[in-house]
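# Notes for the structure review
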Amino acid sequence: MLVKDFKPILLDGAYKKGEWAIEQYEKKGGYQAARKVLSMPRDPATNNVPPLIEEVKKSGLRGRGGAGFPTGMKWSFVDYKSKKSRYLAVNCDESEPGTCKDRVVVTYNPHMLLEGIMIACHACGVENAYVYIRGEYVVEFEHLVGAIAEAYKAGYLGKNAMGSGFTIHITPHRGAGAYICGEETGLLSSLEGDRGYPKVKPPFPAVEGAWRCPTVVNNVQTLSLLPSVITMGAEAWSKIGPERNSGPMVYCLSGHVKKPGLYETPMHVTLKEIVEEFGGGILDDLKPKAIIPGGSSMPVLRVDGKPYRASNGKDLTDDFNIRMDYDTLKNANTLLGSAAVIVMHERTCMVSALYNLVRFYHHESCGQCTPCREGSGWLEKLIARIYRGKGKPEDLQTLLSVAGQMSGTTICLLADSVAMPVGAFVIKFREEFEYYCQHGKSMVENPIPL
Ligand SMILES: Cc1cc2nc3c(=O)[nH]c(=O)nc-3n(C[C@H](O)[C@H](O)[C@H](O)COP(=O)(O)O)c2cc1C
Ligand code: SF4
């Protein structure tokens, strides 16, 4: 169900020149939420603000980085008994293929992010926040640095932020183009100046993160939504969207649609509405075939209406009209992830699409864990063999078996990020993979080039 009169929060002012200046943001009521929050006292025993954490819990805000973990709950896991410094790491690595939402917030609404960071810092008793920003984001980085300078000049950051007596520093930190540095512990390793290797959890960053101190890691959009939570009040905010899936979502629509782009709306929306209403329908008026609902690592949905045999032997059909929220997609054996909706039409060869995707994950594996390092390499080699017309019928079982052995056996979830799409592509479009193995070419007539 489309919410027609919804007024964007995160994309407010997006693509308008000069919108990123502090004066523009303040004209719209910006920094009032931070001012209100900074007047709240900290608990002397824990140096945090429990009522503020409760308010965020009440809003139902779930992390926009991919896992959809409840933000207030994450903040309550911080080791507040520790005498060590606490940190906030802002995840602006944004490297998941299909995902391009955080960059627009940082470019056009950087002060909304800074205000959100201030709110999170105060809630969790943090003095130093780091924004880890993807190395390729040059303009975004310039806007971020400019906004931080403006906020310091206005007295909103630094010692005695907004005259509150509390200290809040924000430091930008540029990545160097590695996908794995988006994974929270890889990000922290890289922030410390080491190779961006993920670490075994537990301990989770909230207990032992940056420089072995308690650290909150949150996505850009998670934090940017906080001013609206405070301004509207948790109760009202929680009513945007379906129950347990509150707040607006920015869907990154790409692939074979007429109008790709970013669309912000409550999560009542269905996949069909995103494609047809926002995206203007399928490119060249062809039929939809497959859609990845949440970034390339999430299991694909088969939307051509044809059934497939699931691993439990049941014949299933995916629903093109599925509601695009965390829980509904999880129940359909896929995930909302980063809300990057990648649309493939009927002229897409699923073998070549999977080959493209697996090459990326193999390249980005950091190599620490054998199942991920070797498994992603094996998957790439097997799919390459099929793609080049040399596949054998038993390759499909080998593909599923290798993918199955990668899941849940590694330090981080990158291994699952390649295993999940491989499983879904092969199971849901098995006839295409079989045809390719038997005939050495695609079953799709006139397929679009890789
Ligand atoms: C391989 C991998 C890559 C990830 N990349 C990103 C990313 O680019 N941006 C992001 O916010 N989260 C990314 N995540 C999720 C983060 O580890 C972490 O859960 C997130 O930043 C937490 O923020 P949130 O609670 O606000 O969602 C990635 C996770 C994995 C396993
Ligand atoms: S799962 Fe892959 S990316 Fe993650 S730590 Fe292991 S080797 Fe590195």
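Criteria and cut-off values
Position numbers for residues start from 1 in each chain and track the written sequence from start to end. Both sets of labels track the order of writing: A upward for chains, 1 upward for ligands. It should be noted that, the model being predicted, local features are given only for residues of pLDDT at least 70 and side-chain atom pairs only at 80 or more, the latter also being counted only at that level, while totals for whole chains, interfaces and linings use all residues. Computation of side-chain values covers all heavy atoms of the structure but excludes hydrogens and water. Here a strand is any run of E in DSSP of at least two residues, a helix any run of H or I of at least four, and the numbering for each starts at the N terminus. Here the globule rule is a power law, 2.2 Å times the number of residues to the power 0.38, and the radius of gyration is based on C-alpha atoms. Residue burial is assigned from relative accessible area. The probe radius is 1.4 Å, only protein chains are included, and a residue is buried under 20% of its type maximum, exposed over 50%, and partly exposed in between. Here, residues are in contact when the closest pair of their heavy atoms is within 4.5 Å. What sets the accessible areas is the Shrake-Rupley method with a 1.4 Å probe; for residues, cover comes only from the shown protein chains. The positive count covers Lys and Arg only, the negative count covers Asp and Glu only, and His and the chain ends enter neither. Charge coordinates come from a single atom per side chain, which is NZ of Lys, CZ of Arg, CG of Asp or CD of Glu. Any two cysteine sulfur atoms within 2.5 Å of one another count as a disulfide. Each pair of strands is called paired provided DSSP finds at least two bridges between the two strands. Inter-axis angles, ranging from 0 to 180 degrees, are taken between N-to-C directions of lines fitted to C-alpha atoms, where helices are fitted over the stretch in contact. Taken from the helix axis, the directions to the C-beta atoms give the arc we talk about. Just so you know, the domain bounds were taken from an automatic or database domain assignment. Defined here as a combined quantity, buried area equals the accessible surface (1.4 Å probe) lost by two parts on assembly, summed across both. Think of a salt bridge as a Lys or Arg side-chain nitrogen and an Asp or Glu carboxyl oxygen that are within 4 Å of each other. Polar contacts, as used here, are pairs of N or O atoms within 3.5 Å; protein pairs need one atom able to donate a hydrogen and one able to accept it. Residues neighboring in sequence count only if both atoms are side-chain atoms. Classes in brief: Ala, Val, Leu, Ile, Met, Phe, Trp, Tyr, Cys and Pro nonpolar; Asp, Glu, Lys and Arg charged; the others, Gly included, polar. Pairing of aromatic rings covers Phe, Tyr and Trp, the last counted by its six-membered ring, and requires centre-to-centre distances within 6.5 Å; plane angles under 30 degrees mean stacked, over 60 mean edge-to-face, and any other angle means tilted. To sit over a ring, a charge needs its Lys NZ or Arg CZ within 6 Å of the ring centre and within 35 degrees of the ring normal.

### Some details on the overall build of the protein
Within the protein, the regular secondary structure consists of 18 helices and 11 strands. The C-alpha radius of gyration computed for the protein amounts to 22 Å, which stays within 12% of the reference 22 Å derived for 450 residues, consistent with globular compactness. Along the first, second and third principal axes, the C-alpha atoms of the protein reach 70 × 45 × 40 Å. The buried share of the protein, reckoned over its 450 residues, is 57%. Taking all contacts inside the protein whose residues are at least 6 apart in sequence as the whole, residues at least 24 apart take part in 71%. As presented, the protein carries roughly 18900 Å² of accessible surface, and 53% of it is formed by carbon and sulfur atoms. In the protein, which carries 52 positive and 49 negative side-chain charges, the distance between the mean positions of the two groups comes to 2 Å.

### Topic: the state of the cysteines
Following the criterion strictly, the structure yields zero disulfides and no others. Cys121 takes part in no disulfide bond, and the closest cysteine sulfur, belonging to Cys124, lies 8.0 Å away. Sulfur of Cys437: no disulfide; nearest cysteine sulfur belongs to Cys349 and is 11 Å away. Overall, Cys437 belongs to the buried group, its relative accessible area being 8%.

### Some thoughts on the sheet that holds strand β8 (residues 301–302)
Here five strands make up an open sheet; going across it, the order is β6-β5-β11-β7-β8 and the pairing mixed. Looking along the sheet, the strands with just one partner apiece sit at the ends: β6 (261–266) and β8. In the sheet, strand β7 (residues 288–292) pairs with β8 via two bridges, with the strands oriented antiparallel. Bridging across to β8, Ile291 finds its partner in Leu301. Running at roughly 65° to strand β5 (residues 248–255), helix α12 (residues 271–278) makes contact with β5, β6, β7, β8 and β11 (340–345) of the sheet.

### Thoughts on helix α3 (residues 50–59)
Inspection of α3 places Leu52, Ile53, Val56 and Ser59 among the buried residues, and these make up the whole buried set. An end-on view of α3 places all buried positions within 120° of arc, on one side of the element. Opposite the packed face of α3, turned more than 90 degrees from it, sit the exposed residues Pro51 and Lys58. Immediately beyond the C-terminal end of α3, within one or two residues, lies Gly60, with a positive phi of roughly 80°.

### Some thoughts on the domain arrangement of the protein
Domain parsing of the protein yields domain 1 (22–238) and domain 2 (248–439). Each of domain 1 and domain 2 has a C-alpha centre, and these two points are 31 Å apart. Opposite the 24 residues of domain 1 that make contact, domain 2 presents 26 residues. Here domain 1 and domain 2 share an interface that buries about 2000 Å² over both sides, 63% of which is from carbon and sulfur atoms. When the buried surface of domain 1 facing domain 2 is broken down by residue, Arg64, Pro97 and Tyr179 rank first, second and third, together holding 26% of it. Viewed at the interface, domain 2 and domain 1 are joined by one salt bridge. Salt-bridge contacts for Asp327 lead to Arg62; the nearest nitrogen and oxygen are separated by 3.3 Å. Where domain 1 meets domain 2, there are 11 residue pairs in polar contact (both at pLDDT 80 or more). Grouping the amino acids of the side of domain 1 that touches domain 2 by side-chain chemistry returns 11 nonpolar, seven polar and six charged.

### Considerations on the sheet that holds strand β4 (residues 215–219)
Read from one edge to the other, the open sheet built from four strands follows the order β3-β2-β1-β4, with strand pairing classed as parallel. Whereas interior strands pair on both sides, the edge strands pair on one side only; in this sheet they are β3 (169–174) and β4. Neighbour-to-neighbour, the strand axes of this sheet turn through a mean angle of 20°, independent of strand direction. As defined by bridge partners, strand β2 (residues 128–133) adjoins β3 across six bridges and the pair is classed as parallel. Note on β3: the bridge partner recorded for Asn128 is His169. Along the sheet face, helix α6 (residues 110–124) touches β1 (87–92), β2, β3 and β4 and points at about 150° away from the line of β1. Where helix α7 (residues 138–153) meets the sheet, its contacts fall on β2 and β3, and the angle it forms with β3 comes to roughly 165°.

### Overview of the packing of aromatic side chains
A complete count under the given rule lists 14 aromatic pairs for this structure. Measuring from ring centre to ring centre gives 4.9 Å for Tyr263 and Phe278, while their planes differ by 5°; the resulting arrangement is stacked. Here Tyr263 is found in strand β6, whereas its partner Phe278 is found in helix α12, with 15 residues between them in sequence. We note that Tyr263, like Phe278, is buried. When the centroid spacing of 5.1 Å and the interplanar angle of 40° are considered together, the rings of Tyr355 and Tyr387 count as tilted. Taken together, the residues span a long stretch of sequence, with Tyr355 in helix α14 (residues 350–364) and Tyr387 in helix α15 (residues 370–387) at a distance of 32 residues. Residue classification places Tyr355 among the buried positions, given a relative accessible area of 5%. Accessibility expressed as a relative area gives 27% for Tyr387, which makes it partly exposed. If you follow Arg359 out to its NZ or CZ, it ends over the ring of Tyr355, 4.6 Å from the centre.

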